[in-house]
Amino acid sequence: MNALARRAAQAIRTARKTVALTGAGISAESGIPTFRDPGGLWDRYDPEEYATIDAFRRNPAKVWQMMKDFTALKTARPNPGHVGLAQLEHMGLLHCIITQNVDNLHQAAGSRHVIEFHGNMRQVICQQCGQVLPMEEISLDTLPPYCGCGGVFKPAGVFFGEPIPPQALARAYAEARTCDLMLVIGTSAVVYPAADMPWVAKEAGARVIEINPERTDLTGQITDLIIQEKAGVVIPQILAEIKAMAS
Ligand code: OAD
C-alpha cells in the first residue's frame, strides 16, 4: 500500500496543477452513508420518490421530512481524508476540489477552494421568487417551509432533473481542462456531468489517480493508478509520504 501512496505522493509533488473530484465515499468514514454501496441511501430511499425535482414538486413535505430525519448530515465531522485534502491545499499542492457532496465537510476541514457541483444544504431557495436564505433562518416545524411570497423553499442541493449550478459547472470544466493531475476520490463516477470531469481532464493530457476501495467505470479505461483503500486511510499516508520527500 505504501508503495502506491508513494507513487501518488510523487505525482502530486511533480504536478503543475492538481484537482480533486470527490464523492460520497470520502464522507463515508464520517458516518454519512453513500448512495450506491450496499445499504446505501438509494437502497433505503427510492431516488424516484425522493431525489428528483418532480418528486419534490409533487410532495415537498415528504422530501423535506426525509432530509430533516437525515441527522447524519448535521452531526458529521470531517475525517482524516477531508483534513488531508485541506492540508494539501494549504501546502500549495491541491488547486481545488470539485465535490458532488452537499455535506460541507471539505469546508469544515479547512479547504477554501471547493466547487459544490451538486449545490449545498446550507441554503434554501424559494421555488417561486428565487430568494436564497441560510437553512438555519427558516423554521422546519411545519413542512414544507414557505417563503413570504407564498412559494415553497427547496434545499439548495441539486435534485435529479435540475441543472447543475451554472457557475459551478463552468468552473469545474475549466479546472478539469487545465489540470495535469486529477484525484478521483470516493465516487462511483456514474452520475453525469460530474463523472465527465476525469474524462475531460484525461483528454487534456492529465493523469488520473483513483482512491476507492472498489473499481469504477474509470478504472482500466482512463485511470493511471488506483489505490483500493479507504480515503481516510490513504490520504494521510500520501501526505506523510509528501512530507517525508520534502524533508
Ligand atoms: P456513490 O454512492 O455512487 O459512490 C460512492 C463511492 O465511494 C463508491 O465507488 C464506493 O466504492 C466508494 N467508497 C465507499 N467508501 C469509501 C471510502 N471510505 N473511501 C473512498 N471511497 C469509498 O456516490 P457518488 O459517486 O458521490 O447526486 O454519487 C454521485 C451522485 O449520485 C451524488 O452526488 C448524488 C447521487 O445521486 C445527487 O443527488 C444529484
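Residues numbered from 1 in each chain as written. Predicted model: local features only at pLDDT ≥ 70, side-chain atom pairs only at ≥ 80, totals over all residues. Heavy atoms only, no water.

**Quick word on the pattern of salt bridges**
Right, on to step 1. Counted by the stated rule, this structure contains eight salt bridges.
Right, on to step 2. In this structure, the salt-bridge partner of Lys62 is Glu49, at a minimum N-O distance of 2.5 Å. Of this pair, Lys62 sits in helix 6 (residues 60–69) while Glu49 sits in helix 4 (residues 47–50), and the two are 13 residues apart along the sequence. (Salt bridge = Lys/Arg side-chain N within 4 Å of Asp/Glu carboxyl O. Helix = DSSP H or I, 4+ residues; strand = E, 2+ residues; numbered from the N terminus.)

**Focus on the domain arrangement of the chain**
Right, on to step 1. By domain assignment, the chain separates into domain 1 (1–32 + 79–118 + 164–247) and domain 2 (44–75 + 124–157).
Right, on to step 2. When each unit is reduced to the centre of its C-alpha atoms, the spacing between domain 1 and domain 2 is 29 Å.
Right, on to step 3. With five residues of domain 1 at the interface, the matching set in domain 2 holds five residues.
Right, on to step 4. Of all residues in domain 1, Ile32, Val102 and His118 give up the largest surface area on contact with domain 2, accounting jointly for 72% of the area buried on that side.
Right, on to step 5. Inspection of the domain 1/domain 2 interface yields zero salt bridges.
Right, on to step 6. Residues belonging to the side of domain 1 that touches domain 2 are distributed by class as follows: two nonpolar, two polar and one charged. (Domains from an automatic or database assignment. Contact = heavy atoms within 4.5 Å. Buried area = accessible area lost by both parts, 1.4 Å probe. Nonpolar A, V, L, I, M, F, W, Y, C, P; charged D, E, K, R; others polar.)

**Here we look at the sheet that holds strand 3 (residues 114–116)**
Right, on to step 1. The parallel open sheet is built from six strands, whose spatial order is 3-2-1-7-8-9. Two strands in the sheet have a free side with no partner beyond their single neighbour: strand 3 and strand 9 (225–227). Each strand axis lies, on average, 20° off the axis of its neighbour in the sheet, ignoring direction.
Right, on to step 2. Pairing of strand 8 (residues 207–211) with strand 9, which is carried by three bridges, proceeds in the parallel orientation. Counterpart to Ile211 in the pairing with strand 9 is Ile227.
Right, on to step 3. Sheet strands in contact with helix 1 (residues 2–14) are strand 1 (18–22), strand 7 (181–185), strand 8 and strand 9, and its direction is about 130° off that of strand 9.
Right, on to step 4. Helix 11 (residues 196–203) contacts strand 1, strand 2 (96–99), strand 7 and strand 8 of the sheet and is inclined by roughly 160° relative to strand 7. (Pairing = 2+ DSSP bridges. Axes fitted to C-alpha atoms, helices over the stretch in contact; angles between N-to-C directions.)

**Quick word on the side chain of Ser27**
Right, on to step 1. Residue placement: Ser27 occurs in helix 2 (residues 25–28).
Right, on to step 2. Discounting residues that sit within four places of it in the chain, Ser27 has contacts with Ile32, Asn79, His82, Asn101, Asp103 and Leu105.

**As for the side chain of Asn101**
Right, on to step 1. Along the chain, Asn101 falls in the loop between strand 2 and helix 9 (105–109).
Right, on to step 2. Of the residues examined, Asn101 reaches a relative accessible area of 8% and is grouped as buried.
Right, on to step 3. Within the local environment of Asn101, its side chain forms a polar contact with the backbone oxygen of Gly23, the two atoms lying 3.0 Å apart.
Right, on to step 4. Those residues in contact with Asn101, other than ones at most four positions away along the chain, are Thr22, Gly23, Ala24, Ile26, Ser27 and Gly119. (Buried < 20%, exposed > 50% of the residue type's maximum accessible area, 1.4 Å probe, protein only. Polar contact = N/O pair within 3.5 Å; in protein donor to acceptor, adjacent residues only side chain to side chain.)

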